[in-house]
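Report on the structure
Each chain, letter by letter, is given below.
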Amino acid sequence: MNTEKSASLFSEAQQYIPGGVNSPVRAFRSVGKTPLFIKKAKGAYLFDEDGNRYLDYVCSWGPGILGHASERVIRAVKNACEDGLTFGAPTKKETELAKMITDFVPAAEQVRLVSSGTEAVMSAIRLARGYTGRDKIIKFEGNYHGHSDGLLVKAGSGLLTDLAPASAGVPEGYTKSTLLAGYNDEESVKELFSLYPDSIAAVIVEPVAANMGVVPPKEGFLAFLRQITEKHGTVLIFDEVITGFRLALGGAGEYYGVKPDMVTLGKIVGGGMPLAAYCGRKDIMQCVAPVGSVYQAGTLSGNPVAVTAGIETLKILSNEREVYERLDRKTSVLEQAFKEKGLQVNRVGSLLSAFFTDVPVTDYETAKTSDTASFAKYFSYMLENGIYVAPSQFEAMFVSATHTDMDIERTAQVIREYTVK
Ligand code: KE4
């Protein structure tokens, strides 16, 4: 496969952009390869600058549930552009999208639109602290919630308090109020609440972890979090930037039947445009400026073009809800193929990870037993077969509505023919 143009574009990009990319995972460093420069995408396929075609299981890290360049979304976006790109003033479309979110997402009574998942999570955490008057938050090892300072804490083993930052440039003080528990480890959460019974503002969790690879919640784990946060007057935040509108129209909240106090959304909610949201109980959301004392703002928040893409995407998903059953069935075919290779496979709906380890992956510790060198060899094999999966063992595979049964069957065949090295 000729990738010369990507290689030369990559070396040029590195002169002007750190690492040649605008988000680290795109640099293909953990698989030791040169990233492909994508020229265009349509349906389930990406086309790189050398003219190679790839069946895409990254789907832009989740937004692409309808496949790339859905005609209806593109048409609506083109029309919206004709009316102007941004006004910095309220529009009725923002109300329309906010209403759709309150209709579909069980916990959403009010919504604030922002421009990225990081911004949604950063704002939700500030709001939970402002609402409760408390400082501490609990996050889970292996969960990623964007790159706001207080959430970049060094993962360690088991229960940790007084955490060190996981990134340069984050002052010690910024992570002192962040507590770390074990994902699926109820005892570690109980211990933190016994240490700090009245000073934890929020627990934030990926209801299905997808940033250590896909790790589903153990039976009852989410209900346990709901119960212990209720008992302590702590805000429960489901970070559904990945699972929102992915697992079901109502996301993980609907899928598992557990209602948090707040939800953060991104990716699908913007239909692939820079749009995200935080939402939740009205009494909490009413604490946000200009109504309340918790400040949050954004020049391009609720951008009319991005909102148009989001509205059109959610309209399609809400009118064709059988898409979720189809996604579930297609992804189960891939799950079966990976299992035949003896890999550890975690799947929830159209989210899937095959781990190159021989222990079941149920948390960060077990995820870390994966052989990343073996994963890198698999990644190269898939690429040589025209299949584009995430360039990291610790990311998810995403299936879109445009992956045909033939695409899925071909992928399963390629997986079955692979010899794990
Ligand atoms: P963004 O700021 O990247 O829009 O969203 C941050 C975020 C928040 N919460 C969850 C659960 C997330 O998965 C993310 C971002 N996801 C990664 C993929 N694992 C985005 C890809 C990237 O960093 O380039």
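Moving on to the site of the ligand. Surrounding the ligand, one finds 16 residues, the nearest of these being Ser 23, Thr 118, Asn 211, Asp 239 and Glu 395. Asn 211 places a polar side-chain atom, nitrogen or oxygen, 2.4 Å from a nitrogen atom of the ligand. Interatomic distance of 3.1 Å between a side-chain N/O atom of Lys 267 and a nitrogen atom of the ligand. Alone, the ligand offers 540 Å² of accessible surface; in the complex the protein occludes 85% of this. Grouping the amino acids of the shell around the ligand by side-chain chemistry returns five nonpolar, seven polar and four charged.

Let's shift gears to helix α1 (residues 4–16). Taking 1.5 Å per residue as the helical rise, α1 with its 13 residues ought to reach 18 Å, and the 19 Å between its terminal C-alpha atoms agrees with that figure. Residues of α1 that are buried: Ser 6, Phe 10 and Ala 13. The buried residues of α1 occupy an angular sector of 65° when the element is viewed end-on, so they sit on one face. Exposed side chains of α1 directed beyond 90 degrees from the buried face belong to Glu 4 and Gln 15. Those residues of α1 that are buried are in contact with β2 (45–48).

It is worth spelling out unusual backbone geometry at this point. Of note, the amide linkage connecting Ala 289 to Pro 290 takes the cis form, showing an omega dihedral of 10°. Structurally, Pro 290 is set in the loop between α8 (282–285) and α9 (304–319). The residue Ala 69 is not glycine, and still its phi comes out positive at about 55°. Among the secondary structure elements, Ala 69 is positioned in the loop between β3 (53–56) and α2 (71–82).

This brings us to the layout of surface pockets. For the second largest pocket, the calculated volume is near 410 Å³. Listed by contribution, the elements that provide at least two residues to the lining of the second largest pocket are α3 (92–104) and β4 (110–114). Classifying every residue of the lining of the second largest pocket by side-chain character gives 10 nonpolar, 10 polar and two charged.

The subject of this paragraph is the domain arrangement of the protein. Partitioning the protein into structural domains gives domain 1 (4–69 + 322–417) and domain 2 (71–319). Placing a centre on the C-alpha atoms of domain 1 and another on those of domain 2 gives a separation of 25 Å. Contacts between the two partners involve 30 residues from domain 1, matched on the other side by 34 residues from domain 2. Both faces considered, domain 1 and domain 2 share a buried interface measuring about 2500 Å² in area, 65% of it formed by carbon and sulfur atoms. If you sort the residues of domain 1 by the area they bury against domain 2, Tyr 324, Val 348 and Tyr 364 come out on top, with a joint share of 26%. At the junction of domain 1 with domain 2, the criterion picks out one salt bridge. Measuring nitrogen to oxygen at the nearest pair gives 2.9 Å for the salt bridge that ties Lys 42 to Glu 71. Those elements giving two or more residues to the side of domain 1 that touches domain 2 turn out to be α10 (322–340), β11 (344–348), β12 (351–355) and α11 (364–367). The biggest single contributor to the side of domain 1 that touches domain 2 is β12, with four residues. When the residues that make up the side of domain 1 that touches domain 2 are grouped by side-chain class, the tally is 18 nonpolar, eight polar and four charged.

So, on to the pattern of salt bridges. All chains considered together, the criterion is met by 16 salt bridges. Across the pair Lys 190 and Glu 187 runs a salt bridge whose closest N-O atoms are separated by 3.2 Å. Remark: Glu 187 and Lys 190 occur in helix α5 (residues 186–195); sequence separation between them is three residues, near one turn of the helix. The class of Lys 190 is partly exposed, set by a relative accessible area of 37%. By relative accessible area, which is 51% here, Glu 187 ends up exposed. Several salt bridges share partner residues, and in doing so they unite Arg 226, Glu 230, Asp 261, Arg 281 and Asp 283 into one network.

Throughout the structure, instances matching the rule amount to one cavity of 30 Å³ or more. Here the largest cavity is characterised by a volume of approximately 100 Å³. Contributing to the lining of the largest cavity are 13 residues, with Ser 353, Ala 354, Phe 375, Glu 395 and Met 397 lying nearest its centre. Among the secondary structure elements, those contributing two or more residues to the lining of the largest cavity are β12 and α12 (372–384). Ranked by residues supplied to the lining of the largest cavity, first place goes to β12 with three residues. Its residues assigned to classes, the lining of the largest cavity shows nine nonpolar, three polar and one charged.

Our focus in this paragraph is the side chain of Thr 234. Mapped onto the fold, Thr 234 is located in the loop between α6 (221–232) and β8 (235–240). Take Thr 234: its relative accessible area is 3%, and that puts it in the buried class. Setting aside chain neighbours within four positions, we find Thr 234 in contact with Arg 134, Phe 193, Ile 200, Ala 201, Ala 202, Val 203, Arg 226, Thr 229 and Asp 261.

Cut-offs used in this document
Residues numbered from 1 in each chain as written. Predicted model: local features only at pLDDT ≥ 70, side-chain atom pairs only at ≥ 80, totals over all residues. Heavy atoms only, no water. Near = heavy atom within 4 Å. Polar contact = N/O pair within 3.5 Å; in protein donor to acceptor, adjacent residues only side chain to side chain. Areas by Shrake-Rupley, 256 points an atom, 1.4 Å probe, with all protein chains shown as cover. Nonpolar A, V, L, I, M, F, W, Y, C, P; charged D, E, K, R; others polar. Helix = DSSP H or I, 4+ residues; strand = E, 2+ residues; numbered from the N terminus. Expected span 1.5 Å × (residues − 1). Buried < 20%, exposed > 50% of the residue type's maximum accessible area, 1.4 Å probe, protein only. Arc of directions from axis to C-beta. Contact = heavy atoms within 4.5 Å. 1 Å grid on protein atoms, 1.4 Å probe; cavity = no way out; pocket = protein on both sides within 12 Å on 5 of 7 lines; lining within 4 Å. Points joined across faces, edges and corners; volume = space filled by probe spheres on them. Domains from an automatic or database assignment. Buried area = accessible area lost by both parts, 1.4 Å probe. Salt bridge = Lys/Arg side-chain N within 4 Å of Asp/Glu carboxyl O.

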